[in-house]
Amino acid sequence: MSNKKVVLAFSGGLDTSVCVKYLQNYHKLEVITATVDCGQGDDLAEISKKSKILGALKHVNIDAKKEFAEGFVNKSIMANGLYEGKYPLATALTRPLIATKIMEVATQEDAIAVAHGCTGKGNDQVRFDIAILSLDPSIKIIAPIREMNLTRDLEIKYAKKNKIPIDEEVKKYSTDTNMWGRAIEGGILEDPWIEPPESIFKLVKNLNIPDEYLELEFENGIPIGIDNQKMSLTDLIPYLNIKAGRHGIGVIDFIEDRVVGIKTREIYEAPAAQTIFVAHKDLEQLVLTKHELRFKQIVDDQWSWMVYSGLWFDPLREDLDRFIDATQKRVTGKVKVKLQNGSLKVVGRKSINSLYSQTLATYLSDSDFNQNLAKGFIELWGMETVVANRLSRNISRNKKREK
Ligand code: ARG
């Protein structure tokens, strides 16, 4: 084998295990495997053992949980980051971070290439390739699964032939997990009519436990505590995943549009993300003006679309972040959430920056609001609408007469 080195983003799963063998046997490279921990909860010792069994030159574990929570997930919370209004971008957010870490190892190790285990059918190849090339346009990228045009069945065959250990779960579904959510696809789930069996879920369990209230505290758009207990985002998310997951909250099942033009049936479990988004949006509704809210919705949607589509490193994403950041300076306060048998409800909110005024809104008692002013306001506000309708009526009347 040559002494040329490649750094592979390694999860220890089927795809990336197949990649190790292929990079060794076909490309004749020494493989350095790197696992970037974004809170997937995998056994890192087990992964490093697997890398050794596969004959890698070296394995590195990188703990990126804090960086992920406080440099990626936090931005997504402020941006209400949901793709097509549903998907919390869990996988999408890790890709630029993993790419950055892999590139750091490649520099340290003087590697000639980096590699990832993405297929040619998915979004992750788009995210990895654009991120890697944005960091260094001269680096060689090897994507073995895409290169070999492998399907899952062929991968399993290849794995057996090359004595790569695979577990039973792998044969049924393709999953991807981090602290912000878990994606489950493939197998019987590819039929969009089939209801997902309970057994596929790890976090969401409908345990029929008594209703529970939860107070989520935000500062500048970021959750900083639960029930008067301050927590870093890195600790708060896993805590909330368990807490909301036990109430059966956080399943998303929908038909998603991939970047590469394929529609896909996706199932996610993301109890913390769903709870935080509901609460965050509610608090924004309390403290932002209606003009800010309308415009921010457009910006949030563009942000989510860009992150989904592999454009984390595009300058526009950062420009949007500057706008979003600026809107969050008043998003401080508390939201009271009720967890009840699979449902999540906001039942209260408060903020020192609240724009809600009970004295103005009340129908019960007198306030400074002069109702007489409303008449003139409505006349001017509706003026064009009233005129346009008169003109339309005239047009249809004239048409009838012509007939
Ligand atoms: N569809 C999602 C995305 O593109 C999740 C992909 C998860 N990957 C997996 N191997 N199941 O971000």
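Because the structure is predicted, anything quoted here is derived from the model rather than measured.

Quick notes on the rules
- Residues numbered from 1 in each chain as written.
- Predicted model: local features only at pLDDT ≥ 70, side-chain atom pairs only at ≥ 80, totals over all residues.
- Heavy atoms only, no water.
- Helix = DSSP H or I, 4+ residues; strand = E, 2+ residues; numbered from the N terminus.
- Disulfide = S-S within 2.5 Å.
- Buried < 20%, exposed > 50% of the residue type's maximum accessible area, 1.4 Å probe, protein only.
- 1 Å grid on protein atoms, 1.4 Å probe; cavity = no way out; pocket = protein on both sides within 12 Å on 5 of 7 lines; lining within 4 Å.
- Points joined across faces, edges and corners; volume = space filled by probe spheres on them.
- Salt bridge = Lys/Arg side-chain N within 4 Å of Asp/Glu carboxyl O.
- Phe/Tyr/Trp six-rings, centres within 6.5 Å; stacked < 30°, edge-to-face > 60°.
- Lys NZ or Arg CZ within 6 Å of the ring centre and 35° of its normal.
- Nonpolar A, V, L, I, M, F, W, Y, C, P; charged D, E, K, R; others polar.
- Near = heavy atom within 4 Å.
- Polar contact = N/O pair within 3.5 Å; in protein donor to acceptor, adjacent residues only side chain to side chain.
- Areas by Shrake-Rupley, 256 points an atom, 1.4 Å probe, with all protein chains shown as cover.
- Axes fitted to C-alpha atoms, helices over the stretch in contact; angles between N-to-C directions.
- Parallel < 35°, antiparallel > 145°, perpendicular 65-115°, else oblique.
- Left-handed = near helix turned anticlockwise from the far one by under 90°.
- Contact = heavy atoms within 4.5 Å.
- Pairing = 2+ DSSP bridges.

Asker: Would you explain the environment of Gln274 in this entry?
Answerer: Assignment of secondary structure puts Gln274 in helix α10 (residues 271–287). A C-alpha to C-alpha distance of 23 Å links Gln274 and Phe323, two positions 49 residues apart in sequence.

Asker: Would you explain the state of the cysteines in this entry?
Answerer: Any covalent bond linking the sulfur atoms of two cysteines counts as a disulfide. Summed over the entire model, instances satisfying the criterion amount to zero disulfides. Free of any disulfide, Cys118 has its nearest neighbouring cysteine sulfur in Cys19, separated by 8.5 Å. Its relative accessible area of 10% is what places Cys118 among the buried residues.

Asker: Please explain empty space enclosed by the protein as it appears in this structure.
Answerer: Think of a ball as big as a water molecule: rolled over the atoms, this probe shows where empty space is left. Applying the stated criterion across every chain, the model contains one cavity of 30 Å³ or more. Each pocket or cavity is described by its volume, and for the largest cavity that value is around 50 Å³. In this structure, the largest cavity is lined by Ala92, Pro96, Arg127, Ala131, Val307, Gly310, Leu311, Trp312 and Phe313.

Asker: Sorry, what's going on with the pattern of salt bridges here?
Answerer: Pairing between side chains of opposite charge can happen when the charged atoms of each approach one another. This structure, assessed with the given rule, holds 27 salt bridges. Note that Lys65 and Asp37 form a salt bridge whose closest N and O atoms lie 3.2 Å from each other. A residue pair is termed long-range when its members are at least 10 positions apart, and Lys65 in helix α3 (residues 65–78) and Asp37 in strand β2 (residues 30–37) qualify at 28 residues. Residue classification places Asp37 among the buried residues on the basis of a relative accessible area of 8%. Here Glu185 ties to Arg258 by a salt bridge, and the two come within 3.4 Å at their closest N and O atoms. Taken together, the residues Glu185 in strand β7 (residues 181–185) and Arg258 in the loop between β11 (251–257) and β12 (263–269) connect sequence positions 73 residues apart. Glu185 sits in the partly exposed class, given a relative accessible area of 22%. In the salt-bridge network here, residues are joined through shared partners; they are Arg95, Asp124, Arg127 and Asp176.

Asker: Help me understand the packing of aromatic side chains, please; the structure alone is not making it clear to me.
Answerer: Any pair of aromatic rings gets described here by the distance separating the centres and the angle formed by the planes. Inspection of every chain in the model, using the stated rule, returns 10 aromatic pairs. Seen in terms of ring centroids, Tyr87 and Tyr268 are 4.2 Å apart; in terms of plane orientation they differ by 10°. Their pairing is stacked. Here the residue Tyr87 occupies a position in the loop between α3 and α4 (90–109), and Tyr268 occupies one in strand β12, the gap between them amounting to 181 residues. The exposure classification of Tyr87 matches that of Tyr268, with both residues buried. One aromatic cluster in this structure is built from Phe68, Phe72, Trp303 and Trp312. The ring of Tyr308 carries the charged tip of Arg127 above its face, separated from the ring centre by 4.9 Å. It is Arg317 that lies over the ring of Trp312; its NZ or CZ is 3.7 Å from the centre.

Asker: What is the right way to read the layout of surface pockets from this model?
Answerer: Considered as a void within the structure, the second largest pocket measures approximately 250 Å³ in volume. In terms of lining residues, the second largest pocket is bounded by 13 residues, among which Asn80, Lys281, Glu284, Gln297 and Asp300 are the most central. Elements that contribute at least two residues to the lining of the second largest pocket include exactly α10 and α11 (290–308). Take the lining of the second largest pocket: its biggest share by element is seven residues, from α11. Its residues assigned to classes, the lining of the second largest pocket shows two nonpolar, five polar and six charged.

Asker: Explain unusual backbone geometry here, please?
Answerer: For residues other than glycine, phi is negative in most cases, and the peptide bonds are mostly trans. We note that Lys28 has phi near 55°; this positive angle belongs to a residue other than glycine. Topologically, Lys28 is positioned in the loop between α1 (14–25) and β2. The phi dihedral of Asp110 falls on the positive side, at around 60°, and the residue is not glycine. Along the chain, the position of Asp110 falls in the loop between α4 and β4 (113–115). Looking at Asp110, the relative accessible area reads 65%, which means it is exposed.

Asker: I keep staring at the site of the ligand and nothing clicks. Help me out?
Answerer: Taken together, 13 residues form the shell around the ligand, and within it Tyr87, Asn123, Arg127, Glu185 and Glu256 come nearest. Interatomic distance of 2.6 Å between a side-chain N/O atom of Tyr87 and an oxygen atom of the ligand. Taking Asn123, its side chain carries an N or O atom lying 2.7 Å from an oxygen atom of the ligand. Relative to its free-state accessible area of 350 Å², the ligand is covered by the protein chains to the extent of 90%. For the shell around the ligand, a count of residues per class yields four nonpolar, four polar and five charged.

Asker: Looking at this model, I keep getting lost on the packing of α3 against α4. Mind explaining?
Answerer: Angle between the axes and distance between the axes: these two values describe a pair of packed helices. Close contact between α3 and α4 brings their axes to 10 Å; oriented N to C, the two are set at 140°. Classed by the angle they form, the pair α3 and α4 counts as oblique. Where α3 crosses over α4, the handedness of that crossing is right-handed. Counted together, Glu67, Phe68, Phe72, Val73 and Ser76 of α3 and Ala90, Leu93, Thr94, Pro96, Leu97 and Lys101 of α4 form the full contact between these two elements. For the contact of α3 with α4, the class distribution of residues is seven nonpolar, two polar and two charged.

Asker: I tried to follow the sheet that holds strand β14 (residues 343–350) on my own but got confused; where do I start?
Answerer: Hydrogen bonds along the backbone pair up the strands of a sheet, which may run parallel or antiparallel. Read across the open sheet, the five strands follow the order β10-β9-β8-β13-β14; overall the sheet is antiparallel. Among the strands making up the open sheet, the edge pair consists of β10 (229–230) and β14. In this sheet, β14 lies alongside strand β13 (residues 333–340) in antiparallel orientation, the contact comprising seven bridges. Residue Lys336 lies in a different strand from β14, and its bridge partner there is Gly348.

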